[in-house]
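Listed below, chain by chain, are the residues.
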Amino acid sequence: MATHFYTASSLDGFIATDDHSLDWLLSQDIDQDGPMAYQGFERGIGALAMGASTYEWVMRHEHGAWGYAQPTWVFTHRDLERPEVGDVRFVQGEVAAAHATMIDAAADKDVWVVGGGELAGQFADAGLLDEVWVQFAPLTLGSGAPLLPRALALELLEVARNRSFLCGRYRVVKDGDFRA
Ligand SMILES: NC(=O)c1ccc[n+]([C@@H]2O[C@H](COP(=O)([O-])OP(=O)(O)OC[C@H]3O[C@@H](n4cnc5c(N)ncnc54)[C@H](OP(=O)(O)O)[C@@H]3O)[C@@H](O)[C@H]2O)c1
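Calculation criteria
Residues numbered from 1 in each chain as written. Predicted model: local features only at pLDDT ≥ 70, side-chain atom pairs only at ≥ 80, totals over all residues. Heavy atoms only, no water. Helix = DSSP H or I, 4+ residues; strand = E, 2+ residues; numbered from the N terminus. Rg over C-alpha atoms; globule rule 2.2 N^0.38 Å. Buried < 20%, exposed > 50% of the residue type's maximum accessible area, 1.4 Å probe, protein only. Contact = heavy atoms within 4.5 Å. Areas by Shrake-Rupley, 256 points an atom, 1.4 Å probe, with all protein chains shown as cover. Lys, Arg positive; Asp, Glu negative; His and termini not counted. Charge placed at Lys NZ, Arg CZ, Asp CG, Glu CD. Core = buried A, V, L, I, M, F, W, Y, C linked by side-chain atoms within 4.5 Å. Near = heavy atom within 4 Å. Polar contact = N/O pair within 3.5 Å; in protein donor to acceptor, adjacent residues only side chain to side chain. Nonpolar A, V, L, I, M, F, W, Y, C, P; charged D, E, K, R; others polar. Phe/Tyr/Trp six-rings, centres within 6.5 Å; stacked < 30°, edge-to-face > 60°.

### Things to note about the overall build of the chain
Along the backbone of the chain there are five helices and ten strands. Rg of the C-alpha trace for the chain: 16 Å, near the compact-globule value of 16 Å for 180 residues, within the 12% margin. A burial count over the chain gives 47% of its 180 residues as buried. By sequence separation, contacts in the chain at least 24 residues apart represent 71% of the contacts at least 6 residues apart. Entry remark: accessible area of the chain is about 9,300 Å², with carbon and sulfur atoms responsible for 50%. Computing the positive centroid from 13 side-chain charges and the negative centroid from 26, the chain places the two 3 Å apart.

As structure tokens, then:
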């Protein structure tokens, strides 16, 4: 059982614009059944974690409907609106305690850290992030929400092209002597 950060990014390492737009991403060409695409990845996922901005984006984008069947832990310090259906659990503070309950809930499946990058960094800080999957879109944004604002050593496990996207899957090297 593993914990993955699976996301799309601009080539210069941003996963959303400064004003949290993903229009640049949603307009790209991708084969949803193709290599490293969401459909195949999501089948192996038993629990989700996301930060407040990501949750708010999903709620805005889906107009309050909840698109995930798996239980989802939302990290926030605020009292955010809940979807009408869906298993959403608001938590705050250290990620390790919540991660233990995610692992239990996921049973034999994996955990997906949806984003943002700083939350994925908190899982990495706690030694709980196993893999990073990135679909790089063919553009730069110049600024925005960072992909993964940490110094981490990664081992490239898999690479693929999916239409417009350059896709990489990496293992987080936890015991190396990497220095940034
Ligand atoms: N390109 C993609 O595939 C992709 C994937 C995922 C997300 N995104 C987008 O990327 C952007 C990410 O936004 P973001 O960088 O602001 O990150 P985020 O993780 O979505 O949200 C950050 C917020 O989460 C809360 N938070 C984080 N860690 C916490 C903790 N340990 N305890 C309690 N609260 C915690 C804080 O909000 P409060 O203190 O205000 O509660 C913090 O300001 C969003 O626009 C999202 O839609 C893109």
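From this point on, the discussion continues.
### Quick notes on the nonpolar core
L48, M50, Y55, W66, Y68 and W112 are the most contacted members of the largest nonpolar core, which has 28 residues in total. Those elements that provide at least two residues to this core are strand 1 (3-9), helix 1 (23-26), strand 3 (45-51), helix 3 (52-61), strand 6 (110-115) and strand 10 (165-172). Element by element, the count of residues in this core is highest for helix 3, at five residues. Apart from the residues within four sequence positions on either side, Y68 is in contact with Y38, L48, M50, V58 and W112. Core analysis: the next-biggest nonpolar cluster, separate from the first, contains 24 residues, L119, L128, V132 and L148 among them.

### So, the site of the ligand
Taken together, 24 residues form the shell around the ligand, and within it H20, S53, T54, T76 and H77 come nearest. Between the ligand and the protein, one listed contact pairs an oxygen atom with a backbone N or O atom of A52 at 3.0 Å. One nitrogen or oxygen atom from the side chain of T54 is found 2.6 Å from an oxygen atom belonging to the ligand. Protein chains shield 82% of the accessible area of the ligand, which is 930 Å² for the free molecule. Residue contributions to the shell around the ligand peak at four residues, all from helix 3. Residues of the shell around the ligand, tallied by class, amount to eleven nonpolar, twelve polar and one charged.

### Here's the deal with helix 5 (residues 117-125)
Residues three or four positions apart in an α-helix share a direction because the helix packs 3.6 residues into each turn. Among all positions of helix 5, only G117, L119, A120, G121, F123 and A124 are buried. Once helix 5 finishes, G127 follows within two positions and takes phi at roughly 75 degrees, a positive value.

### Here we look at the packing of aromatic side chains
With the rule as written, the count across this model stands at eleven aromatic pairs. Ring geometry for Y6 versus F41: centroids 4.0 Å apart, planes at 10 degrees, classification stacked. Of the two residues, Y6 is situated in strand 1 and F41 in helix 2 (residues 38-43); the sequence distance between them amounts to 35 residues. For the pair shown, Y6 and F41 are each scored as buried. Joined through ring pairs, the aromatic side chains of Y6, Y38, F41, Y55, W66, Y68, F90, W112 and W133 make up one cluster.

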